[in-house]
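For reference, the chains in residue letters:
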Amino acid sequence: MMYWIHPDYPDAASIFHSHLNRLIQMTNKKNGTPVYICIGTPAIIGDCLGPVIGTILSEYLPGQVYGTLDAPIHALNFNRSCREIKKQHQRPFIIAIDAALGNISQSGYILLKKGPLRPGKGVGKKLPPIGDLQITGVFQDIFDPKAGRQMAVFGKCISQGILKLYPAFQRPEQGDFVNIL
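The structure displayed is predicted, hence computed values, not measured ones. (Residues numbered from 1 in each chain as written. Predicted model: local features only at pLDDT ≥ 70, side-chain atom pairs only at ≥ 80, totals over all residues. Heavy atoms only, no water.)

Colleague: Which parts of the structure should I look at to understand the side chain of histidine 19?
Modeller: Along the chain, histidine 19 turns up in helix H1 (residues 12-27). In terms of polar contacts, histidine 19 uses its side chain to reach the side chain of arginine 22, at 3.1 Å. Filtering out sequence-adjacent residues up to four positions away, histidine 19 remains in contact with Tyr3, Ile5 and Leu112. (Helix = DSSP H or I, 4+ residues; strand = E, 2+ residues; numbered from the N terminus. Polar contact = N/O pair within 3.5 Å; in protein donor to acceptor, adjacent residues only side chain to side chain. Contact = heavy atoms within 4.5 Å.)

Okay, structure coming up:
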């Protein structure tokens, strides 16, 4: 099962959230704690999608997020990082987040898919698959100067969609405020 979401659609974060929530309910049968593994390197603008999302999520979900701008998970430390994460969590429900390369018709979309992510596959790396679910922002060229804007749009949509899973992080609507003065 997979979903393609374009982050420029109206209510894209809500659509992403709805599909993510459905996939989690369908696949997390053991009610494992969601653990987000955000893969990529800040050294390449298009490949820092995972660390940017990880940095945002880590402010709200401490202990559940790995791979940030300050402590990225990338090809050089991937295996060691995964071993450490698995030591810290018993039966986690792993959601892997990364940038991916795709063709022109896929580029600009977020792919949300059941099953493990294969990090580095698009650039010929042979790393083990990881995750129960995968979230990827699809780029045609991670080195393109436009990749920065695309990464920011992906990051906003994905982060907002994930945080909607946690009601404690929702801002009340303007009409929900009560005037106490």
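Colleague: Can you help me understand the packing of aromatic side chains in this one?
Modeller: Two aromatic rings are characterised by how far apart their centres lie and by the angle between their planes. In this structure the tally under the stated criterion is two aromatic pairs. Here the aromatic rings of tryptophan 4 and tyrosine 109 are separated by 6.4 Å at their centres, their planes lie at 85°, and the arrangement is edge-to-face. With tryptophan 4 in strand S1 (residues 2-5) and tyrosine 109 in the loop between strand S4 (93-101) and strand S5 (110-114), this residue pair connects regions lying 105 residues apart in the sequence. Here tryptophan 4 falls in the partly exposed class, since its relative accessible area comes to 36%. Judged by relative accessible area, which is 22%, tyrosine 109 ranks as partly exposed. (Phe/Tyr/Trp six-rings, centres within 6.5 Å; stacked < 30°, edge-to-face > 60°. Buried < 20%, exposed > 50% of the residue type's maximum accessible area, 1.4 Å probe, protein only.)

Colleague: Would you mind going over the packing of helix H2 (residues 49-60) against helix H4 (residues 147-163) with me for this structure?
Modeller: Two quantities define a packed helix pair, namely the angle between the helix axes and the distance between the axes. Interhelical geometry of H2 versus H4 gives an angle of 35° and a closest axis separation of 9 Å. Between H2 and H4 lies a crossing of right-handed hand. Mapping the contact onto sequence places Leu49, Val52, Ile53, Ile56, Leu57 and Tyr60 in H2 and Met151, Phe154, Gly155, Ile158, Ser159, Ile162 and Leu163 in H4. For the contact of H2 with H4, the class distribution of residues is 11 nonpolar, two polar and no charged. (Axes fitted to C-alpha atoms, helices over the stretch in contact; angles between N-to-C directions. Left-handed = near helix turned anticlockwise from the far one by under 90°. Nonpolar A, V, L, I, M, F, W, Y, C, P; charged D, E, K, R; others polar.)

Colleague: In this structure, what is going on with the sheet that holds S5? I would like to understand it.
Modeller: Neighbouring strands of a sheet are bound in pairs by backbone hydrogen bonds; such pairs are parallel or else antiparallel. Read across the sheet, six strands follow the order S1-S5-S6-S4-S2-S3 without closing on themselves; strand pairing throughout is mixed. On the outer flanks of this sheet lie S1 and strand S3 (65-66), each paired with one strand and no other. In the sheet, S5 pairs with strand S6 (residues 133-139) via five bridges, with the strands oriented antiparallel. Paired with leucine 111 across the strands is threonine 136, a residue of S6. Running over the sheet, H1 touches S1, S4, S5 and S6 and is turned about 10° from S5. (Pairing = 2+ DSSP bridges.)

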